[in-house]
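Spelled out from the first residue to the last, the chains are:
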Amino acid sequence: MSAETPTASRPRLRLSRPDWLSPKVFRTEVLAGLVVALALIPEAISFSIIAGVDPSVGLFASFTMAVVISVVGGRKAMISAATGAIALVIAPLNHQHGLGYLIGAVILGGLMQIAMGAMGAAKLMRFVPRSVMVGFVNALAILIFLAQVPELQNVPVTVYLLVIAGLAMMVFFPRITKAVPAPLVSIVILTVITIAAALVVPTVGDKGELPSALPVPGLPDVPLTMEALGIIAPYAFAFALVGLMESLMTAKLVDDITDTHSNKTRESLGQGVANVVTGFFGGMGGCAMIGQTMINVKTSGARTRLSTFLSGVFLMVLCIAFGPVVSQIPMAALVAVMILVAFATFDWHSVNPRTLQRMPISETVVMTVTVAVTVLSHNLAIGVIAGVITACIAFARRVAHLANVSGVIDPDGNQVVYSVTGELFFASSNDLVYQFHYKDDPDDVIIDLSSAHIWDASSVAALDAVETKYAARGKRVTIIGLNTHSAAIRERLGGQLTSQST
């Protein structure tokens with residue numbers, strides 16, 4: 001009998017090899033990160049202006065958010081940085097109380113995001129219907145395009161020619177080769193043309209001064225008092241909600257594009273960690289950037305964490321080491337990239353007349369409300385909330401008509417059996433009381449709920465009201481066919497919700 005070798009019965013541990021170690025994938029990720037970094041610079045500066053802070057505050061936020069989330073986030077290849085939605089939330093706090101309070105709100109908001117993630121806030125994404133998601137995507141595309149409009153107003157004709165040239169290069173260059181991202185080629189060529197021809201057009205440098213050194217960690221200049229906490233907390237809570245909602249919606253969008261699944265709970269926790277770190281490094285905080293994520297995933301083809309990490313690293317390298325060169329990039333080159341992203345992001349199939357004819361009117365209304373509210377408020381979170389509320393109302397109205405009551409009187413006329421079918425909840429149970437013939441029915445009334453389900457207290461109260469009305473006329477009601485859940489809720493609430501008047 002031969003003895004087995006010690007390793008024969010032990011499974012071998014295999015370390016998974018990162019996808020980006022493949023030369024082809026590595027090249028794609030590196031170039032995608034560079035394109036995103038170039039697009040981040042003017043965006044971060046613009047958002048800093050909205051928030052009323054120095055451009056370096058937005059650039060530092062984009063750097064730390066991208067680097068940290070690439071490690072702790074739950075969605076590969078998604079870009080997180082300083083965003084317009086976050087800037088709008090915290091701008092009033094900065095204007096009224098200063099940068100110290102803003103940084104304090106970023107740190108507290110990050111801690112709130114960690115708490116929300118730990119409590120399972122990410123699971124709420126399952127309640128976002130497809131029509132809201134489509135509206136979210138279309139509104140996003142419209143907002144991306146509208147954000148470029150100011151860059152095309154009151155500018156020389158040369159700017160329009162550069163934008164058209166950039167769009168043409170990005171459309172036709174992939175037909176030659178896809179080894180290098182077309183947006184990067186477009187940005188480089190248009191920059192060279194602008195410098196060589198000494199064209200006088202708006203450039204990245206016109207947006208603000210780029211930082212010349214790395215951010216240094218420190219504590220926010222805010223007093224540790226309850227009064228200060230009372231000022232910061234409301235902004236921090238709004239910051240946490242808006243940041244998480246935009247990030248989770250973007251993660252779901254990337255899931256659909258890449259046909260992969262992401263860990264939404266990890267992403268929620270990661271956003272919180274990234275914002276806490278960003279706050280201690282003096283950044284204005286941030287969340288997932290949908291436009292830059294589309295550049296990274298859809299336009300450049302990135303799929304790993306490396307592109308996210310490098311977008312942050314390249315951002316700082318470009319600002320610190322190549323600041324003078326980056327400052328000369330024409331804004332027209334970046335505007336062309338974002339216009340193409342907007343066009344590619346919009347779900348054109350959703351507005352096809354044939355699609356609209358086949359879709360239920362309620363679905364189209366939900367999509368339209370989501371788009372309209374988002375575009376008017378310039379806030380994706382508000383638009384999504386409005387869309388979800390509209391979808392809930394439409395669903396409740398649709399289901400409310402699915403509860404039916406039909407009665408059959410026995411041949412001897414001594415008993416009537418009512419069969420109730422459908423879902424009984426606050427919307428469908430409102431009319432339940434009026435579907436019985438209290439005056440004309442026999443003294444023995446049976447209500448069969450075998451094909452129904454009781455969901456809430458409103459349904460229990462409606463059944464109690466039915467019993468009360470029959471009892472007032474000396475008639476006895478017997479309810480049968482309750483399933484386990486319906487029986488439990490009726491036993492707990494029955495007789496406690498309605499008055500005894502007829």
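Conventions and cut-offs
- Residues numbered from 1 in each chain as written.
- Predicted model: local features only at pLDDT ≥ 70, side-chain atom pairs only at ≥ 80, totals over all residues.
- Heavy atoms only, no water.
- Helix = DSSP H or I, 4+ residues; strand = E, 2+ residues; numbered from the N terminus.
- Expected span 1.5 Å × (residues − 1).
- Buried < 20%, exposed > 50% of the residue type's maximum accessible area, 1.4 Å probe, protein only.
- Axes fitted to C-alpha atoms, helices over the stretch in contact; angles between N-to-C directions.
- Parallel < 35°, antiparallel > 145°, perpendicular 65-115°, else oblique.
- Left-handed = near helix turned anticlockwise from the far one by under 90°.
- Contact = heavy atoms within 4.5 Å.
- Nonpolar A, V, L, I, M, F, W, Y, C, P; charged D, E, K, R; others polar.
- Polar contact = N/O pair within 3.5 Å; in protein donor to acceptor, adjacent residues only side chain to side chain.
- Phe/Tyr/Trp six-rings, centres within 6.5 Å; stacked < 30°, edge-to-face > 60°.
- Core = buried A, V, L, I, M, F, W, Y, C linked by side-chain atoms within 4.5 Å.

Chemist: Explain helix α5 (residues 130–148) here, please?
Modeler: Residues separated by three or four positions in an α-helix point in the same direction, a consequence of the helix having 3.6 residues per turn. The end-to-end C-alpha separation of α5 is 28 Å, in line with the 27 Å expected for 19 residues at 1.5 Å each. Across the 19 residues of α5, 14 count as buried, placing the element largely inside the fold.

Chemist: Would you explain the packing of helix α17 (residues 457–471) against helix α18 (residues 484–493) in this entry?
Modeler: The description of two helices packed together rests on the angle between their axes and the distance between the axes. Contact geometry of α17 with α18 gives a least axis separation of 10 Å together with a crossing angle of 65°. Taken together, the axis directions place α17 and α18 in an arrangement best described as roughly perpendicular. Relative to α18, α17 is oriented so that their crossing is right-handed. Together, A457, V460, L463, D464 and E467 of α17 and I489, R490 and L493 of α18 make up the contact between the two elements. Looking at the contact of α17 with α18, its residues break down into five nonpolar, no polar and three charged.

Chemist: So what exactly am I meant to see when it comes to helix α7 (residues 182–196) here?
Modeler: In this model, α7 (15 residues) spans 21 Å end to end at C-alpha, consistent with the 21 Å of a helix rising 1.5 Å per residue. Along α7, the positions that sit buried rather than exposed are A182, P183, L184, V185, S186, I187, L190, T191 and T194. Contacts from the buried residues of α7 go to α1 (23–51), α6 (157–176), α10 (290–299) and α13 (331–345). Just downstream of α7 lies A198, where phi reads positive at about 55°.

Chemist: Is there a simple way to explain the side chain of N138 in this structure?
Modeler: Within the secondary structure layout, N138 lies in helix α5. Note on N138: relative accessible area 2%, which makes it buried. Polar side-chain contacts of N138 include one of 2.8 Å to the backbone nitrogen of D347. Not counting residues within four places of it along the chain, the set of residues in contact with N138 comprises F346, D347, S350, M367 and V371.

Chemist: Honestly, the packing of aromatic side chains in this entry has me stumped. Any pointers?
Modeler: Two measures describe an aromatic ring pair: the distance that separates the ring centres and the angle between the ring planes. By the definition in use, this model includes seven aromatic pairs. Ring centres 4.5 Å apart and planes at 45° place the aromatic pair F346 and W348 in the tilted group. For W348, a relative accessible area of 47% gives the class partly exposed. Through a chain of ring-to-ring contacts, three or more aromatic side chains come together here, namely Y418, F436, Y438 and Y470.

Chemist: Can you help me understand the side chain of N296 in this one?
Modeler: By the element assignment, N296 lies in helix α10. With sequence-adjacent residues up to four places away left out, N296 is seen in contact with A32, G33, V36, A77, I79, G301, A302, S307 and T308.

Chemist: What should I look at first to understand the nonpolar core in this one?
Modeler: Judged by nonpolar contacts, the single largest core of 93 residues is most densely connected at I41, L59, F136, V163, M284, I295 and L315. The element best represented in this core is α1, accounting for twelve residues. What V163 contacts, discounting residues up to four positions off in sequence, is L152, A332, V335, A336 and I339. Counting 24 residues, the second-largest nonpolar core is a separate cluster that includes V416, Y418, L432 and I479.

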